[in-house]
Amino acid sequence: MAAAATMAAAARELVLRAGTSDMEEEEGPLAGGPGLQEPLQLGELDITSDEFILDEVDVHIQANLEDELVKEALKTGVDLRHYSKQVELELQQIEQKSIRDYIQESENIASLHNQITACDAVLERMEQMLGAFQSDLSSISSEIRTLQEQSGAMNIRLRNRQAVRGKLGELVDGLVVPSALVTAILEAPVTEPRFLEQLQELDAKAAAVREQEARGTAACADVRGVLDRLRVKAVTKIREFILQKIYSFRKPMTNYQIPQTALLKYRFFYQFLLGNERATAKEIRDEYVETLSKIYLSYYRSYLGRLMKVQKHLDSYLADCYDAIAVFLCIHIVLRFRNIAAKRDVPALDRYWEQVLALLWPRFELILEMNVQSVRSTDPQRLGGLDTRPHYITRRYAEFSSALVSINQTIPNERTMQLLGQLQVEVENFVLRVAAEFSSRKEQLVFLINNYDMMLGVLMERAADDSKEVESFQQLLNARTQEFIEELLSPPFGGLVAFVKEAEALIERGQAERLRGEEARVTQLIRGFGSSWKSSVESLSQDVMRSFTNFRNGTSIIQGALTQLIQLYHRFHRVLSQPQLRALPARAELINIHHLMVELKKHKPNF
């Protein structure tokens with residue numbers, strides 16, 4: 001393309017140099033010859049101006065004439081004007097082709113432009129990010145310098161604290177009261193080795209605190225109260241142990257003698273009580289006999305005064321008390337204390353126990369009788385809306401009765417059992433009265449089963465399995481459950497049940513010949529059972545699970561119903577095996593009993 005352009009320029013200049021005369025001879029006048037369609041447009045070219053330098057034009061023309069293509073054209077006598085037009089035409093074609101190429105690649109060029117623009121935006125953001133990163137680095141460097149300064153300050157403080165830690169740790173270890181010491185003094189028996197070890201530790205702690213107090217250590221005030229309370233507790237436990245294990249209360253006070261073996265075995269206890277680690281055996285014996293006399297008299301007077309206060313408070317409390325469980329617990333506490341005193345041969349408090357029981361028993365019996373009367377007089381119609389779920393009154397009775405039964409098992413009382421029996425009878429009658437408010441027998445049975453099951457479950461959690469209450473409600477639950485199963489099987493399988501019972505009665509009376517007239521009925525029962533037993537069992541299972549609040553109870557009822565259904569169908573098979581019905585064609589449609597058992601197991605819910 002560059003060579004063609006050079007030739008075109010050279011051709012134009014040669015034409016101009018050839019002169020106007022030659023052109024007129026070949027082509028005619030310049031303005032109207034056939035070779036040129038338009039007059040030469042020179043525009044504002046001023047050939048008289050000094051800016052037009054002919055020498056430069058001559059040099060340019062001379063350079064073009066030296067071109068190999070131009071030389072070849074001049075040698076071959078090619079018409080320069082024609083060749084110039086041909087070159088221009090080729091240039092136009094090339095230009096048009098280039099334009100088409102640009103148009104075809106316009107989408108790529110536009111995409112490239114967009115990509116370049118996006119790259120410019122990305123680069124601009126990168127520049128901003130780098131600028132921000134540079135500023136962050138500057139701030140981080142300043143923060144690092146700050147952290148270095150803080151680290152240096154912290155290192156100084158750490159060295160200072162480590163220097164103090166050793167001495168302060170020794171002081172704290174000497175003053176702090178370990179949890180093991182507190183636990184052993186408060187909870188461990190006096191005879192355990194750890195009690196003696198911690199008792200020695202307590203003595204050492206007290207000595208260390210006294211030493212630090214002499215030096216003016218203020219922290220001793222926080223520990224002194226704890227140590228004093230622990231010492232009081234230790235002294236109390238040691239005194240009680242010595243009074244119970246070493247000396248007899250039945251001997252006169254003046255005859256107290258400390259056995260030598262006990263003196264050696266519990267020497268540290270005596271020294272701890274006397275506060276003298278170097279006390280001799282004689283000093284311990286003399287001082288402790290006097291102390292023991294004072295302790296005995298002090299304990300006796302203190303306990304006697306407290307018991308009298310308890311009796312007066314109990315009398316005023318029972319006047320307005322309606323908590324039968326609380327009163328019954330008080331009765332059994334008194335009975336236990338009376339038994340303990342009898343085992344230890346301490347009859348001095350027998351009269352006191354009798355006076356307290358004389359206050360508690362009448363009030364307890366009155367509260368129970370009031371509960372019996374309340375249940376007896378309850379009208380179900382005034383209780384509002386009823387449903388088949390366990391009633392709140394039966395739940396309260398179950399919790400109340402199970403609590404009293406569990407307490408009474410330790411020291412049984414016949415009068416308590418009689419009152420609880422009366423209350424149970426009234427509750428059973430109340431449940432029957434409420435059940436009578438339901439219109440259908442099925443709803444009545446569901447209500448009874450739910451309430452019996454709930455009361456039985458609560459009683460079995462706390463009372464013995466062989467108690468009268470558990471046995472009574474178990475019998476009621478079993479009876480009502482069996483009745484409900486029969487009521488449940490009656491709608492879908494009532495015809496089968498009736499026929500089996502009638503046929504068995506006829507066979508038992510020796511009237512099996514009468515079964516020959518029941519062939520149509522038997523055929524209908526066989527086909528009806530075969531077509532509907534699956535849907536009936538499914539409906540039965542769903543009905544049971546909707547009716548009972550205890551899923552386990554519902555599962556048990558479904559299992560009982562399915563078991564009874566299998567037994568019923570098995571009895572039906574035996575009836576059909578009688579000679580009078582053995583030739584019945586419909587017997588071929590009977591379901592195999594084992595197949596029925598397998599299918600029914602699929603309907604057994606698992607919880």
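Thresholds applied
- Residues numbered from 1 in each chain as written.
- Predicted model: local features only at pLDDT ≥ 70, side-chain atom pairs only at ≥ 80, totals over all residues.
- Heavy atoms only, no water.
- Helix = DSSP H or I, 4+ residues; strand = E, 2+ residues; numbered from the N terminus.
- Buried < 20%, exposed > 50% of the residue type's maximum accessible area, 1.4 Å probe, protein only.
- Areas by Shrake-Rupley, 256 points an atom, 1.4 Å probe, with all protein chains shown as cover.
- Contact = heavy atoms within 4.5 Å.
- Core = buried A, V, L, I, M, F, W, Y, C linked by side-chain atoms within 4.5 Å.
- Axes fitted to C-alpha atoms, helices over the stretch in contact; angles between N-to-C directions.
- Parallel < 35°, antiparallel > 145°, perpendicular 65-115°, else oblique.
- Left-handed = near helix turned anticlockwise from the far one by under 90°.
- Salt bridge = Lys/Arg side-chain N within 4 Å of Asp/Glu carboxyl O.
- Patch = residues over 30% accessible without salt bridge, like charges linked within 9 Å, V, L, I, M, F, W, Y side chains within 5 Å.
- Expected span 1.5 Å × (residues − 1).
- Arc of directions from axis to C-beta.
- Polar contact = N/O pair within 3.5 Å; in protein donor to acceptor, adjacent residues only side chain to side chain.
- Lys, Arg positive; Asp, Glu negative; His and termini not counted.
- Disulfide = S-S within 2.5 Å.
- pLDDT = per-residue confidence, 0-100.
- Nonpolar A, V, L, I, M, F, W, Y, C, P; charged D, E, K, R; others polar.

### Focus: the overall build of the protein chain
Part 1 of the reasoning: Across its full length, the protein chain carries 21 helices and zero strands.
Part 2 of the reasoning: Here the protein chain holds 607 residues, and the buried ones make up 31% of them.
Part 3 of the reasoning: Counting every atom, the protein chain has about 38900 Å² of accessible surface; 53% of that belongs to carbon and sulfur.

### Section: the side chain of Ser 401
Part 1 of the reasoning: On the secondary structure map, Ser 401 appears in helix H15 (residues 392-408).
Part 2 of the reasoning: Those residues in contact with Ser 401 that lie beyond four places of it in its chain are Leu 459 and Glu 469.

### Overview of the environment of Phe 364
Part 1 of the reasoning: Mapped onto the elements of the fold, Phe 364 is located in helix H14 (residues 350-376).
Part 2 of the reasoning: The exposure class assigned to Phe 364 is buried, which follows from its relative accessible area of 0%.
Part 3 of the reasoning: A sequence separation of 52 residues divides Phe 364 from Thr 416, and the C-alpha atoms of the two residues are 9.1 Å apart.
Part 4 of the reasoning: The residues touching Phe 364, leaving out its near neighbours within four places in the chain, are Ala 324, Val 327, Phe 328, Ile 331, Leu 404 and Thr 416.

### A closer look at the nonpolar core
Part 1 of the reasoning: Core analysis: the largest hydrophobic core is formed by 92 residues, its most contacted members being Ile 331, Phe 364, Met 455, Phe 484, Phe 529, Tyr 569 and Phe 572.
Part 2 of the reasoning: Ignoring anything within four residues of it in the chain, the contact list for Tyr 569 reads Leu 496, Phe 529, Leu 590, Ile 591, Ile 593 and Leu 596.
Part 3 of the reasoning: Phe 195, Leu 199, Leu 227 and Phe 241 belong to the second largest nonpolar core, which has 17 residues in total.

### With respect to the packing of helix H7 (residues 179-187) against helix H8 (residues 193-214)
Part 1 of the reasoning: Axis separation between H7 and H8 bottoms out at 9 Å; the angle between their running directions is 120°. What the angle tells us is that H7 and H8 run oblique. Between H7 and H8 the crossing geometry is left-handed. Packed against H7, whose contacting residues are Ala 180, Leu 181, Thr 183, Ala 184 and Ile 185, the element H8 presents Arg 194, Phe 195, Gln 198, Leu 199, Glu 201, Leu 202 and Lys 205 at the interface.

### Some words on the pattern of salt bridges
Part 1 of the reasoning: The tally for this structure, following the rule as stated, stands at 18 salt bridges.
Part 2 of the reasoning: Glu 589 is paired through a salt bridge with Arg 527; the nearest N and O atoms lie 3.3 Å apart. Taken together, the positions of Glu 589 in the loop between helix H20 (551-576) and helix H21 (593-601) and Arg 527 in helix H19 (residues 519-547) put the pair 62 residues apart, joining distant regions of the chain.
Part 3 of the reasoning: Judged by its relative accessible area of 41%, Glu 589 is partly exposed.
Part 4 of the reasoning: Residues joined by salt bridges that share partners form a network here, namely Glu 213, Arg 224 and Asp 228.

### What about a nonpolar patch on the surface?
Part 1 of the reasoning: Residues Phe 133, Leu 137, Ile 140 and Ile 144 make up a contiguous nonpolar surface patch of roughly 360 Å² in combined accessible area.
Part 2 of the reasoning: Mapped onto the fold, Phe 133 is located in helix H6 (residues 106-175).
Part 3 of the reasoning: Classification of Phe 133 as partly exposed rests on a relative accessible area of 48%.

### What about H15?
Part 1 of the reasoning: Look at H15: 24 Å from first C-alpha to last across 17 residues, which is about the 24 Å you get at 1.5 Å a residue.
Part 2 of the reasoning: Among the 17 residues of H15, 12 are classified as buried, and the element is accordingly described as predominantly covered.
Part 3 of the reasoning: Within H15, burial applies to Ile 393, Thr 394, Tyr 397, Ala 398, Phe 400, Ser 401, Ser 402, Ala 403, Leu 404, Val 405, Ile 407 and Asn 408.

### Notes on H21
Part 1 of the reasoning: Of all the residues in H21, the buried ones are Ile 593, Leu 596, Glu 599 and Leu 600. In an axial view of H21, the angular spread of the buried residues amounts to 120°, which keeps them on one side of the axis. Residues of H21 that are exposed and point over 90 degrees away from its buried face: His 594 and Lys 601.
Part 2 of the reasoning: Tucked inside the fold, the buried residues of H21 contact H19 and H20.
Part 3 of the reasoning: The N-cap residue of H21 is Asn 592: its side-chain oxygen and the backbone nitrogen of His 594 are 2.9 Å apart.

### With respect to the side chain of Asp 453
Part 1 of the reasoning: As for its position among the elements, Asp 453 is in helix H17 (residues 441-462).
Part 2 of the reasoning: Of the side chains bearing the opposite charge, Arg 395 lies closest to the buried Asp 453, which forms no salt bridge; the N-O distance is 8.4 Å.
Part 3 of the reasoning: Residues within four places of Asp 453 in sequence aside, it is in contact with Leu 477, Asn 550 and Asn 553.

### Observations concerning the state of the cysteines
Part 1 of the reasoning: Taken as a whole and assessed by the stated rule, the structure comprises zero disulfides.
Part 2 of the reasoning: Sulfur of Cys 321: no disulfide; nearest cysteine sulfur belongs to Cys 330 and is 7.9 Å away.

### Focus: the confidence of the model for the protein chain
Fine structural detail should not be taken from predicted coordinates in areas where pLDDT scores are low.
Part 1 of the reasoning: Per-residue confidence for the protein chain gives a mean pLDDT of 79; residues scoring 70 or more make up 78%.
Part 2 of the reasoning: Note on residues 1-5: pLDDT under 50 across the span, and three contacts to partners over four residues away in sequence or across chains.
Part 3 of the reasoning: The low-confidence segment residues 14-43 (pLDDT under 50) makes 22 contacts with residues lying over four places distant or belonging to another chain.

### Comments concerning the environment of Phe 328
Part 1 of the reasoning: With respect to the helices and strands, Phe 328 occurs in helix H13 (residues 324-343).
Part 2 of the reasoning: In this structure the C-alpha to C-alpha distance between Phe 328 and Trp 361, which are 33 residues apart in sequence, comes to 8.1 Å.
Part 3 of the reasoning: Dropping the residues within four chain positions of it, Phe 328 is found in contact with Trp 361, Phe 364, Leu 404, Ile 407, Asn 408 and Thr 416.

### Considerations on the packing of H15 against helix H16 (residues 414-435)
Part 1 of the reasoning: Where H15 contacts H16, the two axes come as close as 11 Å, and the packing angle between them is 165°. Accordingly, the angle class assigned to the pair H15 and H16 is roughly antiparallel. Pair H15 / H16 crosses with left-handed handedness. Every residue of H16 that contacts H15 at Ile 393, Thr 394, Tyr 397, Phe 400, Leu 404, Val 405 and Asn 408 is listed here: Thr 416, Met 417, Leu 420, Leu 423, Gln 424, Val 427, Phe 430 and Val 431.
Part 2 of the reasoning: The residue inventory of the contact of H15 with H16, partitioned by class, reads 11 nonpolar, four polar and no charged.

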